[in-house]
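Remarks on the overall topology
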Amino acid sequence: MPNRIIYNYALRCMSKHGRGEEAEKILNMFNKAHPNCNGPDIYAYALALRAWERVGKINPKMAAERAEKLFIEMKNLSSEGYLPPLELSSYNTLLGIFARAGLAYKAE
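In this report, we go over the structure that sits alongside the text. (Residues numbered from 1 in each chain as written. Predicted model: local features only at pLDDT ≥ 70, side-chain atom pairs only at ≥ 80, totals over all residues. Heavy atoms only, no water.)

**Considerations on the overall build of the chain**
To keep it simple, the criterion reads: Strands are runs of DSSP state E lasting at least 2 residues, helices are runs of H or I lasting at least 4, and numbering of each runs from the N terminus. Here the globule rule is a power law, 2.2 Å times the number of residues to the power 0.38, and the radius of gyration is based on C-alpha atoms. Buried means the residue's accessible area, taken with a 1.4 Å probe over protein chains only, is under 20% of the maximum for its type, while exposed means over 50%, and partly exposed covers the values in between.
Within the chain, the regular secondary structure consists of 5 helices and 0 strands. Along the chain, helices (α) and strands (β) appear in the sequence α-α-α-α-α when read from the amino end. Taking 13 Å as the expected radius of gyration for a compact globule of 108 residues, we find that the chain reaches 13 Å, a close match to that expectation. When the backbone C-alpha atoms are referred to their principal axes, the chain occupies close to 40 × 30 × 20 Å. Each of the 108 residues in the chain was classed as buried or not, and the buried ones make up 39%.

Put into structure tokens, the structure is as follows:
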């Protein structure tokens, strides 16, 4: 069974190549294989979010929608104590995705 290092490496590859859907699939596999506190950490979620940022260069509206859902999931996990508070870089990534999609009003 893959460990955190393997999952994060796979997520980093998906992030680098703008493979948002694949990154989310890996994140879900990670969650199922290692539930609760042993699952994805803030770094893994941030990598998946960055994958959607790269997708935004090709399909900005879809990337913004999917990134927003992932970001809300991250915030919920943070408020439940499964993840630490979100870092500024996650907020900046989401704002960049919204800007590229012409959805500046969502930045509020």
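**Concerning the pattern of salt bridges**
In a structure, side chains of opposite charge can pair up when their charged atoms sit close to one another. To keep things clear, this is the line we draw: Should a side-chain nitrogen of Lys or Arg be within 4 Å of a carboxyl oxygen of Asp or Glu, the pair is scored as a salt bridge.
A complete count under the given rule lists 5 salt bridges for this structure. Ionic pairing is found between E22 and R19, a salt bridge with its closest N-O pair at 2.8 Å. Since its relative accessible area comes to 28%, E22 is described here as partly exposed. Exposure remark for R19: the relative accessible area of 40% places this residue in the partly exposed category. Its salt-bridge partner being K106, residue E68 comes within 2.8 Å of it at the nearest N-O pair. Within this pair, whereas E68 is found in helix α4 (residues 60–79), its partner K106 is found in the segment after α5 (88–100), the two being separated by 38 residues in sequence. Overall, the relative accessible area of 32% leaves K106 in the partly exposed class.

**A closer look at the packing of helix α3 (residues 42–55) against α4**
Under the convention used in this document: Each axis is a line fitted through C-alpha atoms, taken for helices only over the stretch in contact, and angles between the N-to-C directions span 0 to 180 degrees. The scheme is simple: roughly parallel for angles under 35 degrees, roughly antiparallel for over 145, roughly perpendicular for 65 to 115, oblique for anything else. Should the near helix be turned anticlockwise from the far one by less than a right angle, the crossing is left-handed, and should it be turned clockwise, the crossing is right-handed. Only heavy atoms enter the contact rule, under which two residues are in contact if any of them lie within 4.5 Å. Here the term charged refers only to Asp, Glu, Lys and Arg, the term nonpolar to Ala, Val, Leu, Ile, Met, Phe, Trp, Tyr, Cys and Pro, and the term polar to all other amino acids, Gly among them.
Put simply, α3 and α4 touch, their axes get as near as 8 Å, and they point 165° apart. Classified by the angle their axes make, α3 and α4 are roughly antiparallel. For α3 against α4, the interelement crossing comes out left-handed. Taken together, the residues of α4 that come into contact with α3 (itself represented by I42, Y45, A46, A48, L49, W52 and V55) are M62, A63, R66, A67, L70, F71, E73, M74 and L77. Split by residue class, the contact of α3 with α4 holds 14 nonpolar, no polar and 2 charged.

**Things to note about the side chain of S78**
Relative to the assigned elements, S78 resides in helix α4. In contact with S78, not counting residues within four places along its chain, are L83, P84, P85 and L86.

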